[in-house]
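Structural features, examined
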Number of protein chains: 2
Amino acid sequence: MARYQVGIRTERKILEATRELLSEGGLDAATLKAICDRAGVQAGSFYNIFPSKEQAVMQVAREAIQAVDPDPEDSGTETLDDLVDAYIRFVTDQSDLARIYLQIAVSSSNDDSVARRFLRHHVRRVERFADAMARESEASPADTTAKAEVLLGALDGLAFRWVLDRSFDFAKHARFAVAQCRR
Amino acid sequence: MARYQVGIRTERKILEATRELLSEGGLDAATLKAICDRAGVQAGSFYNIFPSKEQAVMQVAREAIQAVDPDPEDSGTETLDDLVDAYIRFVTDQSDLARIYLQIAVSSSNDDSVARRFLRHHVRRVERFADAMARESEASPADTTAKAEVLLGALDGLAFRWVLDRSFDFAKHARFAVAQCRR
DNA sequence: TCCAAAATGGAGTGTATACTCAAAAAGTCG
DNA sequence: CGACTTTTTGAGTATACACTCCATTTTGGA
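One copy of the chain maps onto the second through a rotation about an axis and a displacement along it. Aligned on chain A, chain B shows an RMSD of 1.8 Å; the corresponding rotation is 179° and the shift along the axis is 0.1 Å. The superposition operator between the copies reduces to a two-fold rotation axis. Relative to the rotation axis, the closest C-alpha in chain B is found at alanine 154 of chain B, a distance of 1.7 Å. When you check the interface residues of chain B against chain A, 95% turn up at the interface there too, and the contact is symmetric in its surfaces.

See the structure below:
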(Lines give C-alpha, C1' and ligand atoms only; values in the text may rest on other atoms or scores of the structure.)
Protein backbone atom coordinates (compact mmCIF):
# COMPACT_ATOMS: atom_id res chain seq x y z
CA MET A 1 0.00 0.00 0.00
CA ALA A 2 2.93 2.31 0.55
CA ARG A 3 3.49 4.69 -2.33
CA TYR A 4 6.31 4.07 -4.74
CA GLN A 5 9.13 6.60 -4.80
CA VAL A 6 8.60 7.33 -8.48
CA GLY A 7 5.05 8.43 -7.78
CA ILE A 8 6.17 10.84 -5.11
CA ARG A 9 8.77 12.27 -7.47
CA THR A 10 6.08 12.74 -10.11
CA GLU A 11 3.90 14.55 -7.60
CA ARG A 12 6.72 16.95 -6.85
CA LYS A 13 7.36 17.53 -10.54
CA ILE A 14 3.70 18.34 -11.10
CA LEU A 15 3.50 20.69 -8.14
CA GLU A 16 6.68 22.45 -9.22
CA ALA A 17 5.38 22.87 -12.77
CA THR A 18 2.08 24.20 -11.42
CA ARG A 19 3.84 26.63 -9.14
CA GLU A 20 5.98 27.95 -11.96
CA LEU A 21 3.05 28.38 -14.31
CA LEU A 22 0.95 30.14 -11.69
CA SER A 23 3.82 32.51 -11.01
CA GLU A 24 4.46 33.20 -14.67
CA GLY A 25 0.96 33.69 -15.99
CA GLY A 26 -1.61 33.35 -13.26
CA LEU A 27 -4.51 30.95 -13.12
CA ASP A 28 -5.19 31.15 -16.84
CA ALA A 29 -1.72 29.93 -17.73
CA ALA A 30 -1.90 26.89 -15.49
CA THR A 31 -3.95 24.67 -17.77
CA LEU A 32 -3.80 20.93 -17.37
CA LYS A 33 -1.96 20.58 -20.64
CA ALA A 34 0.59 23.23 -19.73
CA ILE A 35 1.18 21.67 -16.33
CA CYS A 36 1.64 18.18 -17.77
CA ASP A 37 3.88 19.39 -20.59
CA ARG A 38 6.16 21.22 -18.23
CA ALA A 39 6.24 18.36 -15.74
CA GLY A 40 7.02 15.94 -18.58
CA VAL A 41 4.04 13.82 -17.71
CA GLN A 42 0.81 12.70 -19.33
CA ALA A 43 -2.68 13.66 -18.21
CA GLY A 44 -3.32 10.16 -16.90
CA SER A 45 -0.42 10.41 -14.48
CA PHE A 46 -1.71 13.69 -13.19
CA TYR A 47 -5.07 12.17 -12.41
CA ASN A 48 -3.44 9.16 -10.84
CA ILE A 49 -2.16 11.54 -8.18
CA PHE A 50 -4.57 14.47 -7.98
CA PRO A 51 -8.36 14.14 -8.08
CA SER A 52 -8.64 17.42 -9.97
CA LYS A 53 -6.57 20.29 -11.27
CA GLU A 54 -7.97 22.51 -8.59
CA GLN A 55 -6.55 20.27 -5.86
CA ALA A 56 -3.05 20.69 -7.26
CA VAL A 57 -3.46 24.46 -7.45
CA MET A 58 -4.76 24.59 -3.89
CA GLN A 59 -1.84 22.53 -2.65
CA VAL A 60 0.61 24.90 -4.30
CA ALA A 61 -1.09 27.84 -2.63
CA ARG A 62 -1.10 26.02 0.71
CA GLU A 63 2.60 25.21 0.50
CA ALA A 64 3.44 28.78 -0.46
CA ILE A 65 1.69 30.04 2.64
CA GLN A 66 3.26 27.43 4.88
CA ALA A 67 6.67 28.36 3.53
CA VAL A 68 6.41 31.74 5.23
CA ASP A 69 4.64 30.55 8.36
CA PRO A 70 6.66 31.75 11.39
CA ASP A 71 5.39 28.93 13.58
CA PRO A 72 4.30 25.91 11.58
CA GLU A 73 4.06 23.80 14.73
CA ASP A 74 1.67 26.33 16.24
CA SER A 75 3.51 26.20 19.53
CA GLY A 76 2.03 29.51 20.59
CA THR A 77 5.24 31.50 20.86
CA GLU A 78 4.97 33.74 17.82
CA THR A 79 4.65 37.48 18.30
CA LEU A 80 2.35 39.84 16.46
CA ASP A 81 5.37 41.14 14.58
CA ASP A 82 6.27 37.61 13.54
CA LEU A 83 2.82 37.14 12.06
CA VAL A 84 2.75 40.47 10.30
CA ASP A 85 6.26 39.94 8.95
CA ALA A 86 5.18 36.56 7.61
CA TYR A 87 2.23 38.17 5.91
CA ILE A 88 4.44 40.85 4.38
CA ARG A 89 6.92 38.26 3.21
CA PHE A 90 4.20 36.22 1.59
CA VAL A 91 2.80 39.21 -0.29
CA THR A 92 6.11 40.65 -1.40
CA ASP A 93 8.16 37.50 -2.02
CA GLN A 94 5.43 35.26 -3.37
CA SER A 95 3.56 38.07 -5.02
CA ASP A 96 2.16 36.03 -7.87
CA LEU A 97 0.80 33.38 -5.58
CA ALA A 98 -0.68 36.02 -3.31
CA ARG A 99 -2.63 37.23 -6.28
CA ILE A 100 -3.74 33.71 -7.13
CA TYR A 101 -4.82 33.25 -3.54
CA LEU A 102 -7.05 36.31 -3.69
CA GLN A 103 -8.30 35.34 -7.11
CA ILE A 104 -9.35 31.86 -6.04
CA ALA A 105 -10.87 33.08 -2.80
CA VAL A 106 -12.97 35.76 -4.45
CA SER A 107 -14.18 33.69 -7.36
CA SER A 108 -15.00 30.74 -5.13
CA SER A 109 -17.85 32.52 -3.41
CA ASN A 110 -20.32 30.32 -5.23
CA ASP A 111 -18.54 27.05 -4.64
CA ASP A 112 -19.14 26.29 -1.01
CA SER A 113 -16.38 23.78 -0.32
CA VAL A 114 -13.61 26.04 -1.57
CA ALA A 115 -15.02 29.09 0.16
CA ARG A 116 -15.26 27.12 3.40
CA ARG A 117 -11.63 26.12 3.15
CA PHE A 118 -10.54 29.73 2.75
CA LEU A 119 -12.80 30.74 5.57
CA ARG A 120 -11.35 28.11 7.88
CA HIS A 121 -7.86 29.29 7.06
CA HIS A 122 -8.86 32.87 7.71
CA VAL A 123 -10.50 32.06 11.03
CA ARG A 124 -7.45 30.15 12.21
CA ARG A 125 -5.27 33.08 11.29
CA VAL A 126 -7.50 35.47 13.18
CA GLU A 127 -7.13 33.25 16.23
CA ARG A 128 -3.36 33.29 15.99
CA PHE A 129 -3.34 37.06 15.62
CA ALA A 130 -5.67 37.41 18.58
CA ASP A 131 -3.54 35.07 20.71
CA ALA A 132 -0.41 37.01 19.87
CA MET A 133 -2.16 40.26 20.76
CA ALA A 134 -3.42 38.84 24.03
CA ARG A 135 0.15 37.86 24.90
CA GLU A 136 1.42 41.41 24.60
CA SER A 137 -1.44 43.25 26.29
CA GLU A 138 -4.44 42.35 28.35
CA ALA A 139 -7.70 43.52 26.86
CA SER A 140 -11.02 41.70 26.88
CA PRO A 141 -11.05 38.61 24.65
CA ALA A 142 -13.97 39.87 22.57
CA ASP A 143 -12.20 43.13 21.91
CA THR A 144 -8.99 41.34 21.02
CA THR A 145 -10.74 39.17 18.47
CA ALA A 146 -12.43 42.17 16.87
CA LYS A 147 -9.08 43.96 16.78
CA ALA A 148 -7.45 40.95 15.15
CA GLU A 149 -10.24 40.75 12.63
CA VAL A 150 -9.81 44.40 11.72
CA LEU A 151 -6.02 44.17 11.52
CA LEU A 152 -6.15 41.10 9.31
CA GLY A 153 -8.83 42.80 7.25
CA ALA A 154 -6.53 45.76 6.79
CA LEU A 155 -3.70 43.48 5.66
CA ASP A 156 -6.01 41.71 3.21
CA GLY A 157 -7.33 45.00 1.90
CA LEU A 158 -3.84 46.43 1.49
CA ALA A 159 -2.80 43.28 -0.34
CA PHE A 160 -5.77 43.75 -2.62
CA ARG A 161 -4.68 47.33 -3.15
CA TRP A 162 -1.21 46.10 -3.98
CA VAL A 163 -2.55 43.64 -6.53
CA LEU A 164 -4.09 46.58 -8.38
CA ASP A 165 -0.90 48.63 -8.21
CA ARG A 166 2.46 47.03 -7.64
CA SER A 167 4.12 50.34 -6.98
CA PHE A 168 2.12 50.57 -3.75
CA ASP A 169 4.35 50.22 -0.70
CA PHE A 170 2.63 47.30 0.94
CA ALA A 171 5.17 46.67 3.70
CA LYS A 172 5.13 50.28 4.89
CA HIS A 173 1.36 50.42 5.13
CA ALA A 174 1.13 47.00 6.74
CA ARG A 175 3.53 48.12 9.47
CA PHE A 176 1.58 51.34 9.84
CA ALA A 177 -1.57 49.33 10.32
CA VAL A 178 -0.13 47.16 13.06
CA ALA A 179 1.37 50.19 14.81
CA GLN A 180 -2.00 51.89 14.79
CA CYS A 181 -3.60 48.72 16.07
CA ARG A 182 -1.26 48.65 19.07
CA ARG A 183 -1.87 52.23 20.12
CA MET B 1 -25.66 56.06 -39.86
CA ALA B 2 -28.08 56.83 -37.08
CA ARG B 3 -29.05 53.85 -34.96
CA TYR B 4 -32.57 52.47 -35.07
CA GLN B 5 -34.67 52.58 -31.90
CA VAL B 6 -35.03 48.82 -31.82
CA GLY B 7 -31.27 48.42 -31.73
CA ILE B 8 -30.96 50.74 -28.77
CA ARG B 9 -33.66 48.81 -26.94
CA THR B 10 -31.81 45.58 -27.67
CA GLU B 11 -28.63 47.08 -26.28
CA ARG B 12 -30.37 47.95 -23.03
CA LYS B 13 -31.86 44.47 -22.80
CA ILE B 14 -28.43 42.91 -23.23
CA LEU B 15 -26.82 45.18 -20.63
CA GLU B 16 -29.61 44.49 -18.18
CA ALA B 17 -29.32 40.73 -18.69
CA THR B 18 -25.56 40.95 -18.23
CA ARG B 19 -25.92 42.97 -15.04
CA GLU B 20 -28.40 40.48 -13.62
CA LEU B 21 -26.24 37.48 -14.43
CA LEU B 22 -23.14 39.10 -12.97
CA SER B 23 -25.07 39.81 -9.79
CA GLU B 24 -26.50 36.34 -9.53
CA GLY B 25 -23.53 34.16 -10.31
CA GLY B 26 -20.47 36.26 -10.87
CA LEU B 27 -18.32 36.44 -13.93
CA ASP B 28 -18.59 32.73 -14.63
CA ALA B 29 -22.36 32.89 -14.93
CA ALA B 30 -22.33 35.65 -17.51
CA THR B 31 -21.62 33.50 -20.55
CA LEU B 32 -22.60 34.70 -23.97
CA LYS B 33 -25.31 32.09 -24.22
CA ALA B 34 -26.74 32.97 -20.81
CA ILE B 35 -26.75 36.67 -21.63
CA CYS B 36 -28.45 36.13 -24.99
CA ASP B 37 -31.00 33.71 -23.54
CA ARG B 38 -31.99 36.10 -20.80
CA ALA B 39 -32.09 39.09 -23.11
CA GLY B 40 -34.23 37.09 -25.53
CA VAL B 41 -31.77 37.70 -28.32
CA GLN B 42 -29.52 35.62 -30.56
CA ALA B 43 -25.75 35.69 -30.68
CA GLY B 44 -25.82 37.48 -34.02
CA SER B 45 -27.72 40.40 -32.51
CA PHE B 46 -25.29 40.62 -29.65
CA TYR B 47 -22.35 40.95 -32.00
CA ASN B 48 -24.20 43.44 -34.12
CA ILE B 49 -24.03 45.76 -31.11
CA PHE B 50 -20.99 44.79 -29.05
CA PRO B 51 -17.61 43.91 -30.55
CA SER B 52 -17.02 41.34 -27.82
CA LYS B 53 -18.53 39.97 -24.65
CA GLU B 54 -15.81 41.69 -22.71
CA GLN B 55 -17.03 45.10 -23.89
CA ALA B 56 -20.53 44.44 -22.59
CA VAL B 57 -19.21 43.31 -19.22
CA MET B 58 -16.97 46.35 -19.07
CA GLN B 59 -19.84 48.67 -19.73
CA VAL B 60 -21.86 47.06 -16.94
CA ALA B 61 -18.89 47.37 -14.60
CA ARG B 62 -18.42 50.99 -15.58
CA GLU B 63 -22.04 51.80 -14.83
CA ALA B 64 -21.85 49.93 -11.52
CA ILE B 65 -18.77 51.84 -10.45
CA GLN B 66 -20.39 55.12 -11.31
CA ALA B 67 -23.40 54.16 -9.22
CA VAL B 68 -21.11 53.54 -6.24
CA ASP B 69 -19.38 56.89 -6.61
CA PRO B 70 -22.26 59.33 -6.88
CA ASP B 71 -20.32 62.45 -5.98
CA PRO B 72 -17.13 62.63 -8.01
CA GLU B 73 -17.27 66.41 -7.68
CA ASP B 74 -16.43 66.06 -3.98
CA SER B 75 -18.23 69.00 -2.49
CA GLY B 76 -15.99 68.71 0.59
CA THR B 77 -18.60 68.59 3.33
CA GLU B 78 -18.88 64.89 3.99
CA THR B 79 -17.68 63.52 7.31
CA LEU B 80 -15.70 60.36 7.88
CA ASP B 81 -18.86 58.78 9.27
CA ASP B 82 -20.74 59.69 6.10
CA LEU B 83 -18.15 57.93 3.99
CA VAL B 84 -18.02 54.86 6.17
CA ASP B 85 -21.79 54.66 6.32
CA ALA B 86 -21.93 54.87 2.54
CA TYR B 87 -19.43 52.04 2.32
CA ILE B 88 -21.42 49.92 4.77
CA ARG B 89 -24.62 50.58 2.87
CA PHE B 90 -22.99 49.61 -0.38
CA VAL B 91 -21.68 46.32 0.98
CA THR B 92 -24.82 45.29 2.83
CA ASP B 93 -27.47 46.57 0.43
CA GLN B 94 -25.73 45.99 -2.89
CA SER B 95 -24.00 42.82 -1.85
CA ASP B 96 -23.99 41.27 -5.30
CA LEU B 97 -22.33 44.26 -6.87
CA ALA B 98 -19.75 44.28 -4.10
CA ARG B 99 -18.78 40.74 -4.93
CA ILE B 100 -18.54 41.44 -8.66
CA TYR B 101 -16.49 44.49 -7.91
CA LEU B 102 -13.94 42.39 -6.03
CA GLN B 103 -14.09 39.63 -8.60
CA ILE B 104 -13.45 41.81 -11.63
CA ALA B 105 -10.82 43.89 -9.88
CA VAL B 106 -8.79 40.94 -8.68
CA SER B 107 -9.00 38.92 -11.86
CA SER B 108 -8.03 41.79 -14.12
CA SER B 109 -4.41 41.67 -15.12
CA ASN B 110 -1.99 44.23 -13.80
CA ASP B 111 -1.56 46.62 -16.72
CA ASP B 112 -5.13 46.24 -17.82
CA SER B 113 -7.34 49.20 -18.52
CA VAL B 114 -9.82 47.58 -16.15
CA ALA B 115 -7.33 47.43 -13.33
CA ARG B 116 -6.40 51.04 -13.95
CA ARG B 117 -10.01 52.09 -13.73
CA PHE B 118 -10.43 50.35 -10.39
CA LEU B 119 -7.21 51.88 -9.16
CA ARG B 120 -8.28 55.38 -10.13
CA HIS B 121 -11.54 54.87 -8.30
CA HIS B 122 -9.71 53.62 -5.23
CA VAL B 123 -7.26 56.50 -5.19
CA ARG B 124 -10.04 59.03 -5.41
CA ARG B 125 -11.78 57.38 -2.51
CA VAL B 126 -8.62 57.44 -0.41
CA GLU B 127 -8.36 61.16 -1.05
CA ARG B 128 -11.90 61.76 0.10
CA PHE B 129 -11.31 59.71 3.25
CA ALA B 130 -8.11 61.61 3.92
CA ASP B 131 -9.85 64.97 3.40
CA ALA B 132 -12.60 64.02 5.79
CA MET B 133 -10.03 62.94 8.38
CA ALA B 134 -8.08 66.13 7.98
CA ARG B 135 -11.25 68.09 8.64
CA GLU B 136 -11.79 66.46 12.02
CA SER B 137 -8.23 66.46 13.32
CA GLU B 138 -4.96 68.03 12.33
CA ALA B 139 -2.21 65.52 11.68
CA SER B 140 0.47 65.71 9.02
CA PRO B 141 -0.91 65.20 5.50
CA ALA B 142 1.34 62.21 4.84
CA ASP B 143 0.17 60.53 8.01
CA THR B 144 -3.44 61.25 7.18
CA THR B 145 -3.14 59.68 3.75
CA ALA B 146 -1.50 56.57 5.18
CA LYS B 147 -4.23 56.37 7.80
CA ALA B 148 -6.90 56.69 5.12
CA GLU B 149 -5.21 54.02 3.06
CA VAL B 150 -5.17 51.66 6.04
CA LEU B 151 -8.76 52.38 7.00
CA LEU B 152 -10.00 51.85 3.47
CA GLY B 153 -7.87 48.73 3.28
CA ALA B 154 -9.54 47.47 6.42
CA LEU B 155 -12.98 48.13 4.95
CA ASP B 156 -12.03 46.35 1.73
CA GLY B 157 -10.57 43.43 3.66
CA LEU B 158 -13.63 43.15 5.88
CA ALA B 159 -15.84 43.24 2.80
CA PHE B 160 -13.75 40.42 1.38
CA ARG B 161 -14.22 38.56 4.63
CA TRP B 162 -17.93 39.15 4.40
CA VAL B 163 -18.03 37.77 0.86
CA LEU B 164 -16.60 34.51 2.20
CA ASP B 165 -19.03 34.37 5.11
CA ARG B 166 -22.27 36.28 5.02
CA SER B 167 -22.91 35.68 8.71
CA PHE B 168 -19.96 37.97 9.46
CA ASP B 169 -21.09 41.23 11.03
CA PHE B 170 -19.57 43.61 8.55
CA ALA B 171 -21.13 46.81 9.87
CA LYS B 172 -19.97 46.19 13.43
CA HIS B 173 -16.38 45.55 12.43
CA ALA B 174 -16.35 48.45 10.00
CA ARG B 175 -17.42 50.82 12.79
CA PHE B 176 -14.86 49.25 15.09
CA ALA B 177 -12.20 49.92 12.48
CA VAL B 178 -13.07 53.58 12.12
CA ALA B 179 -13.25 54.02 15.89
CA GLN B 180 -9.80 52.52 16.25
CA CYS B 181 -8.56 54.75 13.47
CA ARG B 182 -9.71 57.84 15.32
CA ARG B 183 -8.08 56.94 18.61
C1' DT C 1 -44.29 53.75 -51.21
C1' DC C 2 -39.71 52.77 -51.75
C1' DC C 3 -35.27 51.21 -50.32
C1' DA C 4 -30.83 51.27 -48.19
C1' DA C 5 -29.21 50.68 -43.84
C1' DA C 6 -29.80 48.35 -39.56
C1' DA C 7 -31.16 44.49 -36.97
C1' DT C 8 -32.16 39.62 -36.42
C1' DG C 9 -32.25 34.45 -36.40
C1' DG C 10 -29.88 30.53 -35.70
C1' DA C 11 -27.13 27.04 -37.36
C1' DG C 12 -22.29 26.47 -37.62
C1' DT C 13 -17.08 26.97 -36.63
C1' DG C 14 -12.99 26.52 -34.28
C1' DT C 15 -10.77 25.97 -30.18
C1' DA C 16 -9.69 24.98 -25.64
C1' DT C 17 -10.78 22.82 -21.59
C1' DA C 18 -10.83 19.23 -17.77
C1' DC C 19 -11.01 14.66 -17.37
C1' DT C 20 -11.29 9.16 -18.47
C1' DC C 21 -9.83 4.48 -19.38
C1' DA C 22 -7.67 0.20 -20.31
C1' DA C 23 -3.60 -1.65 -21.49
C1' DA C 24 1.38 -1.57 -20.92
C1' DA C 25 5.43 -0.62 -18.15
C1' DA C 26 7.95 -0.24 -14.14
C1' DG C 27 8.74 -0.51 -9.28
C1' DT C 28 8.79 -3.40 -4.74
C1' DC C 29 9.69 -7.29 -2.05
C1' DG C 30 9.70 -12.18 -0.57
C1' DC D 1 13.01 -14.79 -10.43
C1' DG D 2 7.98 -14.20 -9.78
C1' DA D 3 3.92 -12.40 -7.94
C1' DC D 4 1.76 -8.37 -6.85
C1' DT D 5 0.97 -3.35 -6.81
C1' DT D 6 1.62 1.15 -8.38
C1' DT D 7 2.48 4.16 -12.05
C1' DT D 8 2.46 5.69 -16.81
C1' DT D 9 0.89 6.20 -21.28
C1' DG D 10 -1.70 8.50 -24.86
C1' DA D 11 -5.43 8.45 -27.47
C1' DG D 12 -10.08 9.55 -26.68
C1' DT D 13 -14.48 11.81 -24.64
C1' DA D 14 -17.50 15.23 -23.47
C1' DT D 15 -18.40 19.81 -23.09
C1' DA D 16 -18.32 24.66 -22.96
C1' DC D 17 -16.97 28.71 -24.86
C1' DA D 18 -16.64 33.07 -27.75
C1' DC D 19 -17.47 34.22 -32.03
C1' DT D 20 -18.95 34.13 -37.40
C1' DC D 21 -21.74 34.15 -41.47
C1' DC D 22 -25.28 35.48 -44.22
C1' DA D 23 -29.94 35.09 -45.75
C1' DT D 24 -33.97 37.24 -44.10
C1' DT D 25 -36.74 40.69 -41.84
C1' DT D 26 -37.54 45.19 -39.99
C1' DT D 27 -36.95 50.01 -39.68
C1' DG D 28 -37.60 54.83 -40.70
C1' DG D 29 -36.44 58.76 -43.55
C1' DA D 30 -37.24 60.86 -48.25
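Having seen the model, we can carry on.
On the surface, a cluster of negative charge is contributed by Glu73, Asp74, Glu127 and Asp131 of chain A. With respect to the secondary-structure elements, aspartate 131 of chain A resides in helix α7 (residues 112-136).

All names here are of chain A. Taking 1.5 Å per residue, 25 residues should reach 36 Å; helix α1 (residues 5-29) reaches only 29 Å between its end C-alpha atoms and comes up short. In α1, a bend of some 95° at serine 23 exceeds every other bend along the element. Regarding α1, the residues found buried are Gly7, Thr10, Glu11, Ile14, Leu15, Ala17, Thr18, Leu21, Leu22 and Gly26. Packed against the buried residues of α1 are α2 (32-39), α3 (43-49), α4 (53-67) and α6 (95-107).

Turning to the pattern of salt bridges, a few remarks are in order. Residues and elements named next belong to chain A. Within this structure, the stated rule accounts for 28 salt bridges over all chains. Residue glutamate 78 is joined to arginine 128 by a salt bridge in which the shortest nitrogen-to-oxygen separation is 2.7 Å. Of the two residues, glutamate 78 sits in the loop between α4 and α5 (80-93) while arginine 128 sits in helix α7, which places them 50 residues apart along the sequence. Overall, the relative accessible area of 3% leaves glutamate 78 in the buried class. The partner of aspartate 85 in a salt bridge is arginine 175, and the shortest N-O contact between them spans 3.0 Å. Placement of the pair is aspartate 85 in helix α5 and arginine 175 in helix α9 (residues 170-182), with a sequence separation of 90 residues. A residue is classified by how much of its surface remains accessible, and arginine 175, at 43% relative accessible area, is partly exposed.

Moving on, we get to the protein's contact with DNA strand D. Lining the immediate environment of DNA strand D, one finds 19 residues, of which Thr10 and Ser45 of chain A together with Leu32, Tyr47 and Lys53 of chain B sit closest. Threonine 10 of chain A is positioned with one of its side-chain polar atoms (N or O) 2.3 Å from a phosphate oxygen of DNA strand D. In the environment of DNA strand D, a phosphate oxygen lies 2.8 Å from a nitrogen or oxygen atom belonging to the side chain of tyrosine 47 of chain B. Breaking the surface near DNA strand D down by element, the ones donating at least two residues are α1 and α3 of chain A together with α3 (43-49) of chain B. Among the residues making up the surface near DNA strand D, the classes are represented as 7 nonpolar, 10 polar and 2 charged.

Rules of the game
- Residues numbered from 1 in each chain as written.
- Chains lettered and ligands numbered in written order.
- Predicted model: local features only at pLDDT ≥ 70, side-chain atom pairs only at ≥ 80, totals over all residues.
- Heavy atoms only, no water.
- Least-squares fit on C-alpha atoms with pLDDT ≥ 70 in both.
- Contact = heavy atoms within 4.5 Å.
- Patch = residues over 30% accessible without salt bridge, like charges linked within 9 Å, V, L, I, M, F, W, Y side chains within 5 Å.
- Areas by Shrake-Rupley, 256 points an atom, 1.4 Å probe, with all protein chains shown as cover.
- Salt bridge = Lys/Arg side-chain N within 4 Å of Asp/Glu carboxyl O.
- Lys, Arg positive; Asp, Glu negative; His and termini not counted.
- Charge placed at Lys NZ, Arg CZ, Asp CG, Glu CD.
- Helix = DSSP H or I, 4+ residues; strand = E, 2+ residues; numbered from the N terminus.
- Expected span 1.5 Å × (residues − 1).
- Bend = angle between axes of the 7 residues up to and from the residue.
- Buried < 20%, exposed > 50% of the residue type's maximum accessible area, 1.4 Å probe, protein only.
- Near = heavy atom within 4 Å.
- Polar contact = N/O pair within 3.5 Å; in protein donor to acceptor, adjacent residues only side chain to side chain.
- Nonpolar A, V, L, I, M, F, W, Y, C, P; charged D, E, K, R; others polar.

On their own, these measurements won't tell you what the molecule is for.
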